[in-house]
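Descriptive analysis of the structure
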Amino acid sequence: MFDFKRIFKVAVALTAMVMMMAVSANAAKFKKEYKMQVTVGPKFYWGMGATKFAELVKEKTHGQINIKPYFGSALLKGAQLKSSQMVAKGVIDCAMDSTINISPVIPEANIFHLPFFLNDFESMDKVKFGEAGKSIFQAMEKKRLQPLAWAENGFRQLTNSKVLVKKPEDMKGLRIRVVGNPLFIDTFRQLGADPVNMNWGDAVAGFQQGVVDGQENPVGVLIPVQIYQYHKYVTMWNYLADPLIIYWNQREWKAFPKEIQEQIMEAAKEAGRFETALCRAGLDGDKSLNILKNEFNYTMEVPDPIAFMQGKGMEVHTLTPEELKAFEEATLPVYDKWVKKIGPEVYEKAKADMGR
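So, here is what we can say about the structure in this document. (Residues numbered from 1 in each chain as written. Predicted model: local features only at pLDDT ≥ 70, side-chain atom pairs only at ≥ 80, totals over all residues. Heavy atoms only, no water.)

Take the overall build of the protein chain next. When you go through the protein chain residue by residue, the secondary structure sums to 16 helices and 11 strands. Its C-alpha atoms give the protein chain principal-axis dimensions of about 95 × 45 × 40 Å. Within the protein chain, the proportion of its 356 residues that are buried is 55%. The long-range fraction of contacts in the protein chain, counting pairs at least 24 apart against all pairs at least 6 apart in sequence, stands at 74%. (Helix = DSSP H or I, 4+ residues; strand = E, 2+ residues; numbered from the N terminus. Buried < 20%, exposed > 50% of the residue type's maximum accessible area, 1.4 Å probe, protein only. Contact = heavy atoms within 4.5 Å.)

Rendered as C-alpha coordinates:
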(Lines give C-alpha, C1' and ligand atoms only; values in the text may rest on other atoms or scores of the structure.)
Protein backbone atom coordinates (compact mmCIF):
# COMPACT_ATOMS: atom_id res chain seq x y z
CA MET A 1 0.00 0.00 0.00
CA PHE A 2 1.28 3.45 -0.93
CA ASP A 3 2.47 5.70 1.88
CA PHE A 4 1.11 8.98 0.42
CA LYS A 5 2.44 11.08 3.32
CA ARG A 6 5.94 9.75 2.78
CA ILE A 7 5.70 10.27 -1.00
CA PHE A 8 4.45 13.83 -0.46
CA LYS A 9 7.36 14.61 1.92
CA VAL A 10 9.88 13.22 -0.55
CA ALA A 11 8.32 15.26 -3.37
CA VAL A 12 8.49 18.44 -1.31
CA ALA A 13 12.11 17.74 -0.39
CA LEU A 14 13.03 17.07 -4.02
CA THR A 15 11.28 20.25 -5.15
CA ALA A 16 13.15 22.28 -2.53
CA MET A 17 16.42 20.67 -3.60
CA VAL A 18 15.78 21.48 -7.26
CA MET A 19 14.98 25.09 -6.36
CA MET A 20 18.14 25.38 -4.28
CA MET A 21 20.19 23.93 -7.12
CA ALA A 22 18.61 26.41 -9.53
CA VAL A 23 19.41 29.32 -7.21
CA SER A 24 22.97 28.06 -6.79
CA ALA A 25 23.36 27.74 -10.56
CA ASN A 26 22.05 31.27 -11.08
CA ALA A 27 24.23 32.64 -8.28
CA ALA A 28 27.28 31.40 -10.14
CA LYS A 29 26.40 33.86 -12.95
CA PHE A 30 26.40 36.86 -10.64
CA LYS A 31 29.12 38.80 -8.87
CA LYS A 32 29.75 38.14 -5.21
CA GLU A 33 29.25 41.86 -4.56
CA TYR A 34 27.81 44.74 -6.57
CA LYS A 35 29.36 48.09 -5.64
CA MET A 36 27.02 51.02 -5.06
CA GLN A 37 28.13 54.67 -4.98
CA VAL A 38 26.46 56.84 -2.31
CA THR A 39 27.57 60.44 -1.77
CA VAL A 40 26.54 60.83 1.87
CA GLY A 41 26.97 58.76 5.03
CA PRO A 42 24.66 55.96 6.21
CA LYS A 43 22.90 58.12 8.84
CA PHE A 44 21.54 60.61 6.33
CA TYR A 45 18.11 59.86 4.83
CA TRP A 46 19.80 59.37 1.45
CA GLY A 47 22.17 56.83 3.02
CA MET A 48 19.29 55.10 4.79
CA GLY A 49 17.52 54.79 1.44
CA ALA A 50 20.60 53.17 -0.10
CA THR A 51 20.76 50.68 2.76
CA LYS A 52 17.06 49.90 2.31
CA PHE A 53 17.61 49.31 -1.41
CA ALA A 54 20.46 46.88 -0.77
CA GLU A 55 18.38 45.01 1.82
CA LEU A 56 15.34 44.79 -0.46
CA VAL A 57 17.38 43.58 -3.44
CA LYS A 58 18.92 40.79 -1.37
CA GLU A 59 15.51 39.81 -0.04
CA LYS A 60 13.66 39.91 -3.37
CA THR A 61 16.40 38.10 -5.33
CA HIS A 62 16.71 35.47 -2.59
CA GLY A 63 20.32 36.36 -1.95
CA GLN A 64 21.41 36.15 -5.57
CA ILE A 65 22.22 39.87 -5.89
CA ASN A 66 24.19 41.41 -3.05
CA ILE A 67 24.78 45.15 -3.14
CA LYS A 68 27.31 46.86 -0.92
CA PRO A 69 26.81 50.64 -0.54
CA TYR A 70 30.05 52.62 -0.40
CA PHE A 71 29.18 55.74 1.55
CA GLY A 72 30.80 59.17 1.43
CA SER A 73 31.79 58.69 -2.25
CA ALA A 74 34.46 56.26 -1.01
CA LEU A 75 34.73 54.66 -4.45
CA LEU A 76 35.42 58.05 -5.99
CA LYS A 77 37.70 59.40 -3.26
CA GLY A 78 35.16 62.17 -2.70
CA ALA A 79 34.85 63.17 -6.38
CA GLN A 80 31.07 62.75 -6.37
CA LEU A 81 30.50 64.47 -9.73
CA LYS A 82 32.24 61.54 -11.46
CA SER A 83 29.66 59.02 -10.28
CA SER A 84 27.71 58.69 -13.53
CA GLN A 85 30.87 58.36 -15.62
CA MET A 86 32.20 55.55 -13.44
CA VAL A 87 28.88 53.68 -13.51
CA ALA A 88 28.63 54.10 -17.30
CA LYS A 89 32.13 52.59 -17.66
CA GLY A 90 31.24 49.70 -15.36
CA VAL A 91 33.92 50.60 -12.81
CA ILE A 92 31.04 50.98 -10.34
CA ASP A 93 27.94 48.81 -10.73
CA CYS A 94 25.20 51.14 -9.53
CA ALA A 95 24.46 54.35 -7.66
CA MET A 96 21.84 56.22 -5.70
CA ASP A 97 22.73 59.68 -6.87
CA SER A 98 21.52 63.27 -6.91
CA THR A 99 20.42 65.01 -10.08
CA ILE A 100 23.01 67.63 -9.08
CA ASN A 101 25.81 65.09 -9.40
CA ILE A 102 24.69 63.65 -12.75
CA SER A 103 24.00 67.07 -14.31
CA PRO A 104 27.52 67.47 -15.81
CA VAL A 105 26.77 64.38 -17.93
CA ILE A 106 22.96 64.71 -18.09
CA PRO A 107 22.28 68.45 -18.49
CA GLU A 108 18.54 67.74 -18.68
CA ALA A 109 18.68 66.94 -14.94
CA ASN A 110 19.23 70.65 -14.26
CA ILE A 111 15.52 71.21 -14.89
CA PHE A 112 15.12 70.57 -11.16
CA HIS A 113 17.71 73.22 -10.30
CA LEU A 114 16.23 76.23 -12.07
CA PRO A 115 15.67 78.67 -9.20
CA PHE A 116 12.11 78.78 -7.84
CA PHE A 117 10.80 76.75 -10.80
CA LEU A 118 9.53 73.77 -8.78
CA ASN A 119 8.46 75.03 -5.40
CA ASP A 120 6.30 72.30 -3.86
CA PHE A 121 6.17 68.51 -3.64
CA GLU A 122 3.22 68.23 -6.03
CA SER A 123 5.09 70.09 -8.78
CA MET A 124 8.24 68.05 -8.17
CA ASP A 125 6.32 64.78 -8.50
CA LYS A 126 4.56 65.92 -11.67
CA VAL A 127 7.92 66.63 -13.29
CA LYS A 128 9.67 63.51 -11.96
CA PHE A 129 6.93 61.18 -13.15
CA GLY A 130 5.89 63.22 -16.19
CA GLU A 131 7.31 63.77 -19.66
CA ALA A 132 10.28 65.81 -18.42
CA GLY A 133 11.27 62.98 -16.07
CA LYS A 134 11.03 60.51 -18.96
CA SER A 135 13.35 62.74 -20.99
CA ILE A 136 15.95 62.62 -18.21
CA PHE A 137 15.74 58.82 -18.06
CA GLN A 138 16.07 58.60 -21.85
CA ALA A 139 19.13 60.86 -21.74
CA MET A 140 20.67 58.57 -19.13
CA GLU A 141 20.03 55.50 -21.28
CA LYS A 142 21.92 57.16 -24.15
CA LYS A 143 24.88 57.51 -21.77
CA ARG A 144 24.93 53.76 -20.92
CA LEU A 145 23.08 54.22 -17.64
CA GLN A 146 19.93 52.30 -16.68
CA PRO A 147 17.64 54.43 -14.48
CA LEU A 148 15.51 52.40 -12.09
CA ALA A 149 13.58 54.69 -9.76
CA TRP A 150 13.29 58.16 -8.27
CA ALA A 151 14.10 59.02 -4.68
CA GLU A 152 14.80 62.38 -3.06
CA ASN A 153 17.15 64.61 -1.12
CA GLY A 154 14.47 67.27 -0.74
CA PHE A 155 14.13 70.98 -1.37
CA ARG A 156 17.26 72.91 -0.50
CA GLN A 157 16.89 75.56 2.21
CA LEU A 158 19.11 78.49 3.20
CA THR A 159 20.83 78.87 6.57
CA ASN A 160 23.26 81.56 7.69
CA SER A 161 24.73 83.31 10.71
CA LYS A 162 24.06 86.93 9.68
CA VAL A 163 20.45 87.73 8.81
CA LEU A 164 16.99 86.19 8.48
CA VAL A 165 16.55 86.28 4.72
CA LYS A 166 13.06 87.35 3.63
CA LYS A 167 13.75 89.33 0.45
CA PRO A 168 16.40 89.31 -2.30
CA GLU A 169 18.05 92.40 -0.86
CA ASP A 170 18.89 90.43 2.29
CA MET A 171 21.22 88.23 0.23
CA LYS A 172 23.54 91.07 -0.72
CA GLY A 173 27.14 90.28 0.23
CA LEU A 174 26.39 86.98 2.02
CA ARG A 175 29.14 84.41 1.43
CA ILE A 176 27.24 81.18 0.80
CA ARG A 177 28.79 77.75 0.46
CA VAL A 178 27.28 75.98 -2.57
CA VAL A 179 27.90 72.71 -4.42
CA GLY A 180 30.03 72.86 -7.56
CA ASN A 181 27.22 73.27 -10.06
CA PRO A 182 27.56 76.43 -12.21
CA LEU A 183 23.78 76.92 -12.14
CA PHE A 184 23.90 77.27 -8.34
CA ILE A 185 26.72 79.81 -8.59
CA ASP A 186 24.85 81.85 -11.21
CA THR A 187 21.70 81.84 -9.07
CA PHE A 188 23.37 83.16 -5.94
CA ARG A 189 25.34 85.78 -7.86
CA GLN A 190 22.10 86.96 -9.44
CA LEU A 191 20.71 87.41 -5.92
CA GLY A 192 23.70 89.53 -4.93
CA ALA A 193 25.34 86.88 -2.74
CA ASP A 194 28.93 85.64 -2.97
CA PRO A 195 28.75 81.88 -3.71
CA VAL A 196 31.74 79.77 -2.65
CA ASN A 197 32.27 76.21 -3.90
CA MET A 198 33.93 74.09 -1.21
CA ASN A 199 33.68 70.59 0.26
CA TRP A 200 31.73 70.13 3.47
CA GLY A 201 34.75 69.77 5.75
CA ASP A 202 36.16 73.09 4.55
CA ALA A 203 32.71 74.67 4.84
CA VAL A 204 32.39 73.74 8.52
CA ALA A 205 35.80 75.28 9.22
CA GLY A 206 34.65 78.31 7.26
CA PHE A 207 31.51 78.63 9.39
CA GLN A 208 33.54 78.40 12.59
CA GLN A 209 36.07 80.99 11.44
CA GLY A 210 33.47 83.35 9.95
CA VAL A 211 34.95 82.99 6.47
CA VAL A 212 31.63 81.71 5.09
CA ASP A 213 28.28 83.05 6.29
CA GLY A 214 25.86 80.36 5.19
CA GLN A 215 24.98 77.35 3.06
CA GLU A 216 22.05 75.64 1.30
CA ASN A 217 20.90 72.06 1.90
CA PRO A 218 17.72 70.04 2.53
CA VAL A 219 16.53 69.60 6.13
CA GLY A 220 17.48 65.93 5.89
CA VAL A 221 21.09 67.12 5.74
CA LEU A 222 20.79 70.12 8.08
CA ILE A 223 19.69 68.06 11.07
CA PRO A 224 22.37 65.30 10.91
CA VAL A 225 25.16 67.87 10.41
CA GLN A 226 23.79 69.86 13.37
CA ILE A 227 23.69 73.09 11.39
CA TYR A 228 22.36 74.86 14.50
CA GLN A 229 25.89 74.76 15.88
CA TYR A 230 26.96 77.26 13.22
CA HIS A 231 23.88 79.17 12.04
CA LYS A 232 20.97 80.94 13.71
CA TYR A 233 18.76 81.72 10.70
CA VAL A 234 16.83 79.39 8.39
CA THR A 235 14.88 80.47 5.32
CA MET A 236 12.48 77.79 4.05
CA TRP A 237 12.27 78.85 0.41
CA ASN A 238 12.29 75.60 -1.61
CA TYR A 239 14.46 77.42 -4.13
CA LEU A 240 15.29 74.24 -5.99
CA ALA A 241 14.56 70.53 -5.87
CA ASP A 242 17.17 67.82 -5.31
CA PRO A 243 15.75 64.48 -6.50
CA LEU A 244 17.78 61.27 -6.40
CA ILE A 245 17.90 58.53 -9.02
CA ILE A 246 18.77 54.89 -8.46
CA TYR A 247 20.57 53.65 -11.58
CA TRP A 248 22.73 50.76 -12.87
CA ASN A 249 25.43 50.17 -15.46
CA GLN A 250 23.41 49.52 -18.60
CA ARG A 251 25.45 46.64 -20.03
CA GLU A 252 25.39 44.78 -16.74
CA TRP A 253 21.69 45.47 -16.32
CA LYS A 254 20.81 44.05 -19.73
CA ALA A 255 22.75 40.88 -18.92
CA PHE A 256 20.52 40.15 -15.91
CA PRO A 257 17.69 37.65 -16.42
CA LYS A 258 14.28 39.32 -16.75
CA GLU A 259 13.17 37.99 -13.37
CA ILE A 260 16.19 39.53 -11.64
CA GLN A 261 15.58 42.84 -13.41
CA GLU A 262 11.99 42.87 -12.19
CA GLN A 263 13.03 42.08 -8.62
CA ILE A 264 15.68 44.81 -8.55
CA MET A 265 13.30 47.32 -10.14
CA GLU A 266 10.66 46.52 -7.54
CA ALA A 267 13.22 46.98 -4.77
CA ALA A 268 14.35 50.32 -6.24
CA LYS A 269 10.82 51.72 -6.38
CA GLU A 270 10.06 50.57 -2.85
CA ALA A 271 13.34 51.98 -1.48
CA GLY A 272 12.72 55.22 -3.36
CA ARG A 273 9.28 55.58 -1.80
CA PHE A 274 10.71 54.92 1.66
CA GLU A 275 13.56 57.38 1.24
CA THR A 276 11.32 60.08 -0.23
CA ALA A 277 8.98 59.76 2.75
CA LEU A 278 11.96 60.18 5.12
CA CYS A 279 12.89 63.46 3.41
CA ARG A 280 9.35 64.81 3.38
CA ALA A 281 8.31 63.69 6.87
CA GLY A 282 6.91 66.60 8.85
CA LEU A 283 7.00 68.88 5.80
CA ASP A 284 3.86 67.59 4.03
CA GLY A 285 1.50 67.29 6.96
CA ASP A 286 0.99 63.69 8.06
CA LYS A 287 1.23 62.18 4.56
CA SER A 288 4.83 60.94 4.65
CA LEU A 289 4.73 60.16 8.37
CA ASN A 290 1.79 57.84 7.66
CA ILE A 291 3.55 56.22 4.68
CA LEU A 292 6.52 55.40 6.91
CA LYS A 293 4.32 54.10 9.71
CA ASN A 294 1.78 52.13 7.69
CA GLU A 295 3.92 50.81 4.81
CA PHE A 296 7.34 50.46 6.43
CA ASN A 297 6.59 50.20 10.14
CA TYR A 298 9.00 53.08 10.70
CA THR A 299 8.68 55.96 13.15
CA MET A 300 10.63 59.17 12.56
CA GLU A 301 13.11 60.22 15.21
CA VAL A 302 12.52 63.85 14.18
CA PRO A 303 8.87 64.01 13.04
CA ASP A 304 8.81 67.83 12.83
CA PRO A 305 12.12 69.20 11.47
CA ILE A 306 11.08 72.85 11.69
CA ALA A 307 10.08 72.57 15.34
CA PHE A 308 13.31 70.65 15.97
CA MET A 309 15.45 73.46 14.51
CA GLN A 310 13.48 76.05 16.45
CA GLY A 311 14.03 74.00 19.59
CA LYS A 312 17.77 74.29 18.94
CA GLY A 313 17.52 78.07 18.97
CA MET A 314 17.24 78.68 15.23
CA GLU A 315 14.90 81.32 13.82
CA VAL A 316 12.93 79.79 10.95
CA HIS A 317 11.06 81.77 8.31
CA THR A 318 8.95 80.32 5.50
CA LEU A 319 8.57 82.68 2.56
CA THR A 320 5.08 84.08 1.97
CA PRO A 321 3.69 83.94 -1.60
CA GLU A 322 4.54 87.63 -2.02
CA GLU A 323 8.11 87.14 -0.79
CA LEU A 324 8.52 84.09 -3.01
CA LYS A 325 7.39 86.07 -6.07
CA ALA A 326 10.13 88.65 -5.42
CA PHE A 327 12.78 85.90 -5.50
CA GLU A 328 11.26 84.39 -8.65
CA GLU A 329 11.44 87.73 -10.44
CA ALA A 330 14.98 88.42 -9.18
CA THR A 331 16.31 85.16 -10.66
CA LEU A 332 14.56 85.26 -14.06
CA PRO A 333 17.80 86.32 -15.87
CA VAL A 334 19.28 82.94 -14.90
CA TYR A 335 16.69 81.27 -17.14
CA ASP A 336 17.92 83.12 -20.24
CA LYS A 337 21.22 81.26 -20.01
CA TRP A 338 20.23 77.94 -18.50
CA VAL A 339 17.07 76.93 -20.37
CA LYS A 340 19.27 76.71 -23.50
CA LYS A 341 21.77 74.47 -21.69
CA ILE A 342 19.08 72.20 -20.20
CA GLY A 343 17.13 72.03 -23.45
CA PRO A 344 14.08 74.16 -24.28
CA GLU A 345 12.05 71.04 -25.06
CA VAL A 346 12.64 69.63 -21.55
CA TYR A 347 11.73 73.00 -20.05
CA GLU A 348 8.47 73.09 -22.00
CA LYS A 349 7.68 69.50 -21.04
CA ALA A 350 8.22 70.34 -17.36
CA LYS A 351 5.91 73.34 -17.61
CA ALA A 352 3.28 71.17 -19.31
CA ASP A 353 3.71 68.48 -16.62
CA MET A 354 2.85 71.13 -14.03
CA GLY A 355 -0.04 72.51 -16.09
CA ARG A 356 1.58 75.89 -16.73
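What follows picks up the thread again.
Moving on: the sheet that holds strand β11 (residues 315-318). Ordered in space as β7-β6-β8-β5-β9-β11, the 6 strands form an open sheet in which the pairing is mixed. Of all strands in the sheet, those bounded by a partner on one side alone are β7 (194-197) and β11. In this sheet, adjacent strand axes meet at a mean angle of 25° when their direction is disregarded. Helix-sheet contacts for helix α7 (residues 182-190) involve β5 (157-160), β6 (175-178), β7 and β8 (214-217), and the interaxial angle to β6 is about 165°. (Pairing = 2+ DSSP bridges. Axes fitted to C-alpha atoms, helices over the stretch in contact; angles between N-to-C directions.)

Attention shifts here to the pattern of salt bridges. Taken as a whole and judged by the stated rule, the model has 20 salt bridges. Between Lys60 and Glu266 there is a salt bridge; the shortest N-O distance is 3.0 Å. With Lys60 in helix α2 (residues 45-60) and Glu266 in helix α11 (residues 258-280), this pair connects stretches of sequence that are 206 residues apart. For Glu266, a relative accessible area of 45% puts it in the partly exposed group. Across the pair Lys60 and Glu270 runs a salt bridge, and its minimum N-O distance is 3.3 Å. Here Glu270 lies in helix α11 and Lys60 lies in helix α2, a separation of 210 residues in the sequence. The class of Lys60 is buried, set by a relative accessible area of 16%. Each of Asp125, Lys128, Glu152 and Arg280 takes part in a single network of salt bridges with overlapping partners. (Salt bridge = Lys/Arg side-chain N within 4 Å of Asp/Glu carboxyl O.)

The next subject is unusual backbone geometry. For His62, which is not a glycine, the phi torsion comes out positive at approximately 55°. Among the secondary structure elements, His62 is positioned in the loop between α2 and β2 (67-70). Even without a glycine there, the phi angle at Asn297 is positive, about 50°. Within the fold, Asn297 resides in the loop between α12 (287-296) and α13 (305-311).

Taken N-terminus to C-terminus, the directions of helix α15 (residues 332-342) and helix α16 (residues 344-353) make an angle of 100°; their axes are 6 Å apart at the nearest point. When the axes of α15 and α16 are compared, the pair comes out roughly perpendicular. In this structure, α15 contributes Tyr335, Val339, Lys340 and Ile342 to the contact, and α16 contributes Pro344, Val346 and Tyr347. Considering only residue class, the contact of α15 with α16 consists of 6 nonpolar, no polar and 1 charged. (Parallel < 35°, antiparallel > 145°, perpendicular 65-115°, else oblique. Nonpolar A, V, L, I, M, F, W, Y, C, P; charged D, E, K, R; others polar.)

This next bit is on the packing of α7 against α15. Where α7 meets α15, the axes come as close as 9 Å, and the angle between the chain directions of the two elements is 155°. As summarised for this structure, α7 and α15 are arranged roughly antiparallel, according to the angle between their axes. As for the relative orientation of α7 and α15, their crossing is right-handed in sense. Side by side, α7 and α15 meet where Pro182, Leu183, Asp186, Thr187 and Gln190 of the first sit next to Pro333, Val334, Lys337 and Trp338 of the second. (Left-handed = near helix turned anticlockwise from the far one by under 90°.)

A few words now on the sheet that holds strand β4 (residues 145-155). With mixed pairing, the 5 strands of this open sheet are ordered in space as β2-β1-β3-β10-β4. Of all strands in the sheet, those with a lone pairing partner are β2 and β4, marking the two edges. On average, each strand axis in the sheet is tilted by 20° relative to the strand beside it, whichever way the strands run. In this structure, strand β1 (residues 34-38) lies alongside β2, joined through 4 bridges in parallel fashion. What sits directly across from Tyr34, in β2, is Ile67. Sitting on the sheet, helix α5 (residues 121-128) is in contact with β4 and β10 (241-249), with an inclination near 170° to β4.

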